[in-house]
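Chain by chain, the residues:
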Amino acid sequence: IAGITQAPTSQILAAGRRMTLRCTQDMRHNAMYWYRQDLGLGLRLIHYSNTAGTTGKGEVPDGYSVSRANTDDFPLTLASVVPSQTSVYFCASSDQGGDTGNEQFFGPGTRLTVL
Amino acid sequence: GQNIDQPTEMTATEGAIVQINCTYQTSGFNGLFWYQQHAGEAPTFLSYNVLDGLEEKGRFSSFLSRSKGYSYLLLKELQMKDSASYLCAVRDGDYKLSFGAGTTVTVRA
């Protein structure tokens, strides 16, 4: 693994199904984030985690849940998908804190289609 | 919260210069980032400003005025590969980013 990975690359599923999007990073970053990207709306923060064991809500958290059991993994669960959750989902991580820019590094994304 | 505005689209000729403006209104400010995103790919980091002034990095430069809530990204000597979306993002005191909707730049020969 190099950097940040996401799985699956894409998924099509029926409304009402449960779905977990996986995200793993090997950079030992303390902070991780989940975004959705929709045409014309840009990237919107769903949930975030500043360190293992803690999570927080972003701008659009409804219908999504996360957990952060360890530093490397940050799965996003959609308990019962609806068509409005059709989007491209990006996971990101950063080495939060300090005086540097601490930019976020993004995974390749998961394209989710809900029928 | 954050309100971030940038133009939707810009077109320029290969070899030219393009300036992408970004204005923001924030409840907290801890830095401004520019990202590049090619179609179907992940965003990648371009630049970071936390103090007023110009940051230059090769063909790309970014400027920040905190008092005006204004930034721009300057792309010089445009190349075809610079055709992409450019995302302006503001970081708050909790290290969370809020993104603008992005500016799609098309470079024509």
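In this convention, every chain numbers its residues from 1, walking through the sequence in written order. As they are written, the chains are lettered A onward and the ligands numbered 1 onward, keeping that order. In keeping with the predicted nature of the model, local features appear solely for residues at pLDDT of at least 70, side-chain atom pairs appear and are counted solely at 80 or more, and the whole-chain, interface and lining totals rest on all residues. Hydrogens and water are ignored here; the side-chain numbers use all heavy atoms of the structure.

### Some remarks on the overall build of chain B
A count of helical and extended segments in chain B gives zero helices and 11 strands. Strands here are runs of E lasting at least two residues and helices are runs of H or I lasting at least four, both read from the DSSP assignment and numbered beginning at the N terminus. Starting at the N terminus, the α and β elements of chain B follow one another as β-β-β-β-β-β-β-β-β-β-β. We take the radius of gyration over the C-alpha atoms and set the globule estimate at 2.2 Å times the residue count to the 0.38 power. In terms of C-alpha radius of gyration, chain B reaches 13 Å, essentially the compact-globule figure of 13 Å for 109 residues. For chain B, the spread of C-alpha atoms along the three principal axes comes to 40 × 30 × 20 Å. Residue burial is assigned from relative accessible area. The probe radius is 1.4 Å, only protein chains are included, and a residue is buried under 20% of its type maximum, exposed over 50%, and partly exposed in between. Counting the 109 residues in chain B, one finds 49% classified as buried.

### Description of the sheet that holds strand β7 (residues 65-66) of chain A
All names here are of chain A. The antiparallel open sheet is built from four strands, whose spatial order is β1-β3-β8-β7. Strand pairing shows two members of the sheet lacking a second neighbour, β1 (4-7) and β7, which therefore form its edges. Two strands pair if DSSP finds at least two bridges between them. Of the strand pairs in this sheet, strand β3 (residues 19-25) and strand β8 (residues 76-78) are connected by three bridges, and their pairing is antiparallel. Paired with Met19 across the strands is Leu78, a residue of β8.

### Details of the sheet that holds strand β6 (residues 53-57) of chain B
Residues and elements named next belong to chain B. If you walk across this open sheet you meet the five strands as β1-β3-β8-β7-β6, and the pairing is antiparallel. Across the chains shown, the open sheet's two edge strands, defined by having one partner strand only, are β1 (2-5) and β6. Direction aside, neighbouring strands of the sheet carry axes that sit 15° apart on average. Throughout, an axis means a line fitted to C-alpha atoms (over the contacting stretch in the case of helices), and angles, computed between N-to-C directions, take values from 0 to 180 degrees.

### Topic: the state of the cysteines
Here, the word disulfide means a covalent bond between the sulfur atoms of two cysteines. Our working definition of a disulfide is a cysteine sulfur pair at a distance within 2.5 Å. On inspection of all chains with the given rule, the structure shows two disulfides over all chains. One disulfide bridge connects Cys23 of chain A with Cys91 of chain A, the sulfur atoms lying 1.9 Å from each other. Judged by the sign of its S-S torsion, about -75°, the bond between Cys23 of chain A and Cys91 of chain A is left-handed. Of this pair, Cys23 of chain A sits in strand β3 while Cys91 of chain A sits in strand β9 (residues 87-94), placing them 68 residues apart in sequence. In this pair, the class of Cys23 of chain A matches that of Cys91 of chain A, namely buried. Paired through a disulfide, Cys22 of chain B and Cys88 of chain B show a sulfur-sulfur distance of 2.0 Å. Of note, the bridge from Cys22 of chain B to Cys88 of chain B carries an S-S torsion of about -70° and is left-handed in sense.

### Brief notes about the packing of aromatic side chains
Here the aromatic set is Phe, Tyr and Trp, taking the six-membered ring for Trp, and pairing holds for ring centres within 6.5 Å; pairs whose planes are under 30 degrees apart are stacked, those over 60 apart are edge-to-face, and all others are tilted. Under the defined criterion, the tally for this structure stands at 16 aromatic pairs over all chains. With centroids separated by 5.5 Å and ring planes inclined at 85°, the aromatic side chains of Phe106 of chain A and Tyr35 of chain B adopt a geometry described as edge-to-face. One end of the pair, Phe106 of chain A, is in strand β10 (residues 105-106); the other, Tyr35 of chain B, is in strand β4 (residues 32-37), on a second chain. A relative accessible area of 0% places Tyr35 of chain B in the buried class. Judged by centre distance (6.1 Å) and plane angle (75°), the ring pair of Tyr35 of chain B and Phe45 of chain B falls under edge-to-face.

### Digging into the environment of Glu14 of chain B
Residues and elements named next belong to chain B. If you trace the backbone, Glu14 turns up in the loop between β2 (9-13) and β3 (18-26). Classification of Glu14 as partly exposed rests on a relative accessible area of 42%. Residues Glu14 and Val50 lie 36 residues apart in sequence; the distance between their C-alpha atoms is 30 Å. Here, two residues are considered to be in contact whenever any of their heavy atoms come within 4.5 Å of each other. Excluding anything up to four places from it in sequence, Glu14 contacts Leu78, Gln79, Met80, Val107, Arg108 and Ala109.

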